[in-house]
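Spelled out from the first residue to the last, the chains are:
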Amino acid sequence: AHIGLTPQYLHMLGGFKVQGKDEAAREKILADARAVQDAGAFSVVIEGFAIEMVIGVAVGIAGAAVLLPIFRRLTLPEPSLYPLRVLAGAGLVFGVSALIHGSGFIAVFVVGILLGDAAMPRKGETERFSIGLASLAEITAFIALGLSIDLDLLRDGGLWLDGTILFVLLTFVV
């Protein structure tokens, strides 16, 4: 069963546009998915998702093909600008993909994979900057997750025991 952006209703939906942007539209897509599941459908295909991923991969490949020669030929006056150039390229690829209704995250991921092994000037500085930025993003994500914890759940004594056992297993065994 097909839900979301279905080709037979393309003109009624206003063309190739992302569906489910507001709460009511998301609920309609989920209700449609549950209905076809209850009707015995073998699988459910969410049409807009595949299009967004394909566009993201295509923009990522094209972005890498455009950015690599620029990164190799363009010399900058200061070594500290090279990581910022890569960050600007990632932002540009994300923006282009989002403008044409693709996944910016997939596009940047593909660019990173394709450019990651390519020879570029000042690659060491760029990699060190990227590692520091990734560590900062990881800390930010864990802080955001910590702030989303319902403190009433922590009052349950059994939860502390489960958490401690999981901590010991992940830290010392796995």
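As a reminder, the structure under discussion sits directly above these lines.
Here goes a summary of the coordinates provided. (Residues numbered from 1 in each chain as written. Predicted model: local features only at pLDDT ≥ 70, side-chain atom pairs only at ≥ 80, totals over all residues. Heavy atoms only, no water.)

Quick look at the overall build of the protein
Summing up its helical and strand segments, the protein has six helices and two strands in all. Counting from the amino terminus, helix and strand elements in the protein follow one another as β-α-β-α-α-α-α-α. The buried share among the 174 residues of the protein stands at 20%. Put simply, of all contacts in the protein between residues at least 6 apart along the chain, 67% involve residues at least 24 apart. Of the roughly 12,400 Å² of accessible surface on the protein, a fraction of 71% belongs to carbon and sulfur atoms. (Helix = DSSP H or I, 4+ residues; strand = E, 2+ residues; numbered from the N terminus. Buried < 20%, exposed > 50% of the residue type's maximum accessible area, 1.4 Å probe, protein only. Contact = heavy atoms within 4.5 Å. Areas by Shrake-Rupley, 256 points an atom, 1.4 Å probe, with all protein chains shown as cover.)

So, the packing of aromatic side chains
Enumeration according to the criterion identifies one aromatic pair in this entry. Plain terms: the ring middles of Phe94 and Phe105 are 5.1 Å apart, the flat faces sit at 80 degrees to each other, and that makes the pair edge-to-face. Residue Phe94 is found in helix α3 (residues 81–99), and its partner Phe105 is found in helix α4 (residues 104–116); the two are separated by eleven residues along the sequence. (Phe/Tyr/Trp six-rings, centres within 6.5 Å; stacked < 30°, edge-to-face > 60°.)

With respect to a nonpolar patch on the surface
On the surface, Leu161, Ile165, Leu166, Phe167, Val168, Leu169, Leu170, Phe172, Val173 and Val174 cluster together into a nonpolar patch covering about 1,100 Å² of accessible area. Positionally, Phe172 belongs in helix α6 (residues 157–173). (Patch = residues over 30% accessible without salt bridge, like charges linked within 9 Å, V, L, I, M, F, W, Y side chains within 5 Å. Salt bridge = Lys/Arg side-chain N within 4 Å of Asp/Glu carboxyl O.)

Digging into the nonpolar core
Formed by Val59, Ala64, Leu67, Leu68, Phe71, Val93, Ala107, Val111, Leu115, Ala118 and Met120, the largest nonpolar core amounts to eleven residues. Residue assignment for this core shows that the elements contributing at least two residues are α2 (47–73) and α4. Sequence-distant contacts of Val111, that is, excluding residues within four places in its chain, are made with Gly60, Gly63, Ala64, Leu67, Val93 and Gly116. (Core = buried A, V, L, I, M, F, W, Y, C linked by side-chain atoms within 4.5 Å.)

Description of the layout of surface pockets
In this model, the largest pocket occupies a volume close to 580 Å³. Around the largest pocket, the lining is made up of 23 residues, and of these Val86, Ala90, Gly112, Thr126 and Ser130 lie nearest the centre. Breaking the lining of the largest pocket down by element, the ones donating at least two residues are α2, α3, α4 and α5 (123–147). For the lining of the largest pocket, a count of residues per class yields 15 nonpolar, six polar and two charged. (1 Å grid on protein atoms, 1.4 Å probe; cavity = no way out; pocket = protein on both sides within 12 Å on 5 of 7 lines; lining within 4 Å. Points joined across faces, edges and corners; volume = space filled by probe spheres on them. Nonpolar A, V, L, I, M, F, W, Y, C, P; charged D, E, K, R; others polar.)

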